[in-house]
Amino acid sequence: MHKIMEEMQAIRARTTLENLRRNNMEASYAATAADALAALKSYLTPGCTVGVGGSVTLDEIGAIELLRSGDYNFLDRYAPGLTPAQMKDIFRRSLLSDVYVMSANAITENGELYNVDGRSNRVAALLFGPDSVVIIAGVNKIVSDIDEAIRRHKTVAAPANAARLRCGTPCVRTGKCVSLMRQSNESLCAGCASEDRICANYVVSARQREVGRIKVILVGENIGF
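Each chain has its residues counted from 1, running along the sequence as written. Note on the predicted model: pLDDT of at least 70 is required for a residue's local features to be given, and 80 or more for side-chain atom pairs to be given and counted; whole-chain, interface and lining totals, by contrast, use all residues. The basis for every side-chain value is the complete set of non-hydrogen atoms in the structure, without hydrogens or water.

What the four strands build is an open sheet, ordered β8-β5-β6-β9; its pairing is mixed. Looking along the sheet, the strands with just one partner apiece sit at the ends: β8 (142-143) and β9 (201-205). Two strands qualify as a pair provided DSSP detects at least 2 bridges between them. Only runs of H or I of at least four residues qualify as helices and only runs of E of at least two qualify as strands under DSSP, and these elements are numbered from the N terminus. As defined by bridge partners, strand β5 (residues 106-108) adjoins β8 across two bridges and the pair is classed as parallel. Looking across to β8, one finds that isoleucine 107 is bridged to isoleucine 142. Against the sheet, helix α7 (residues 146-164) makes contact with β5, β6 (113-117), β8 and β9, and its axis sits at roughly 35 degrees relative to β6, the strand it touches most. Every residue pair with non-hydrogen atoms within 4.5 Å of one another is taken to be in contact. Working convention: axes come from line fits to C-alpha atoms, limited for helices to the stretch in contact. Angles between N-to-C directions cover 0 to 180 degrees.

See the structure below:
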């Protein structure tokens, strides 16, 4: 990346971090994926119970490997051979984990988190349950405001995740939400009627009542969707 672009990203990240803190979230900057992994580890204690939301970011920085090290009671949603019932049980137990780790679909410069879920176990844990929620996101997920967050999700995060999950949604074929092709219906929740639709619940996390429960680690790299 060109040095000037790196400097512009750093400025945008600083503004975002400042506003996350104003909204009662802990916020820190990790220059690299390795630094982000070290920052995550600082929020974990040996033997603590850890749940995770579905995330490419966590896999890319090595978080899943870390959690499988045996130092933690990891509620491993990615364990091979899980039945639907076992998966549901992991999701339910994750709501009472000591630490819940996830990424975000977008983070605004105003210090807001934007997340859209299908099953919604991830946003449920974000909103209430675990004592500590750690969010790790690359600087590519920083947006100016909620309107840009909505568009980012409809044109980047949702199509990519639907493709990753092998969903039969229109966005996998077109690269964007069908709502963006309907001039009369581009609202927040507008989308397809597919049974595979992964956009079901929409959550904006703004000012937090419990100071420091949510920790955000912004990574100075383009990672995740």
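Here the narrative resumes.
Estimated volume of the largest pocket: approximately 700 Å³. Considering every element that reaches the lining of the largest pocket, the biggest residue donor is α7, with five residues. Only Asp, Glu, Lys and Arg are considered charged, only Ala, Val, Leu, Ile, Met, Phe, Trp, Tyr, Cys and Pro nonpolar, and every remaining residue, Gly among them, polar. A class-by-class count of the residues in the lining of the largest pocket yields 12 nonpolar, 10 polar and nine charged. A 1.4 Å probe that fits into a set of points on a 1 Å grid over the protein atoms alone but cannot get out defines a cavity; an open set with protein on both sides within 12 Å along at least five of seven lines defines a pocket, and lining residues are those with an atom within 4 Å of a point. Grid points are joined across faces, edges and corners, and a volume is the space filled by probe spheres set on the points.

Moving on, we come to helix α2 (residues 33-42). When α2 is considered as a whole, its buried residues turn out to be Ala33, Ala36, Ala39 and Leu40. On an axial view of α2, the arc spanned by its buried residues comes to 115 degrees, and they lie on one face. Of the exposed residues in α2, those oriented more than 90 degrees away from the buried face are Ala34 and Ser42. Close packing links the buried residues of α2 with β1 (26-30), α3 (56-61), α4 (63-67), β4 (99-102), β7 (132-138) and β10 (214-219). For each residue, the accessible area found with a 1.4 Å probe, counting protein chains only, is set against the maximum for its type, and the residue is called buried under 20%, exposed over 50%, and partly exposed in between. Note: the arc covers the axis-to-C-beta directions of the helix.

Per the stated rule, a full pass over the model turns up one cavity of 30 Å³ or more. In this structure, the largest cavity spans a volume of roughly 160 Å³. The wall of the largest cavity is formed by 15 residues, among which Ala158, Cys171, Cys177, Cys192 and Cys199 lie closest to the centre. Of all the elements in the fold, those that place two or more residues in the lining of the largest cavity are α7 and α8 (170-174). Considering each element in turn, the lining of the largest cavity owes the most residues, three residues, to α7. Among the residues forming the lining of the largest cavity, the class breakdown is 10 nonpolar, three polar and two charged.

This paragraph deals with the nonpolar core. What makes a nonpolar core is a set of buried Ala, Val, Leu, Ile, Met, Phe, Trp, Tyr and Cys residues whose side-chain atoms join them at distances within 4.5 Å. In terms of nonpolar packing, the biggest core is built from 24 residues, with Leu40, Leu44, Val50, Val101 and Ile136 touching the most fellow members. Secondary-structure elements contributing two or more residues to this core are α2, β2 (49-52), α3, α4, β4, β7 and β10. Excluding residues that lie within four positions of it along the chain, valine 50 makes contacts with Leu44, Leu67, Tyr72, Asn73, Phe74, Leu75, Ser97, Val99 and Val101. Grouped together as the second largest cluster of nonpolar side chains are 20 residues, Ala27, Tyr100, Ala104 and Leu113 included.

The next thing to look at is a nonpolar patch on the surface. Here the term patch refers to residues with relative accessible area over 30% and no salt bridge, with like charges joined within 9 Å and nonpolar side chains (Val, Leu, Ile, Met, Phe, Trp, Tyr) within 5 Å. Calculation of accessible area relied on Shrake-Rupley with a 1.4 Å probe; when residues are assessed, cover is drawn exclusively from the protein chains displayed. Put simply, a salt bridge is a Lys or Arg side-chain nitrogen that is within 4 Å of an Asp or Glu carboxyl oxygen. On the surface, Ile4, Met8 and Ile11 cluster together into a nonpolar patch covering about 290 Å² of accessible area. Structurally, the position occupied by isoleucine 11 is in helix α1 (residues 3-22).

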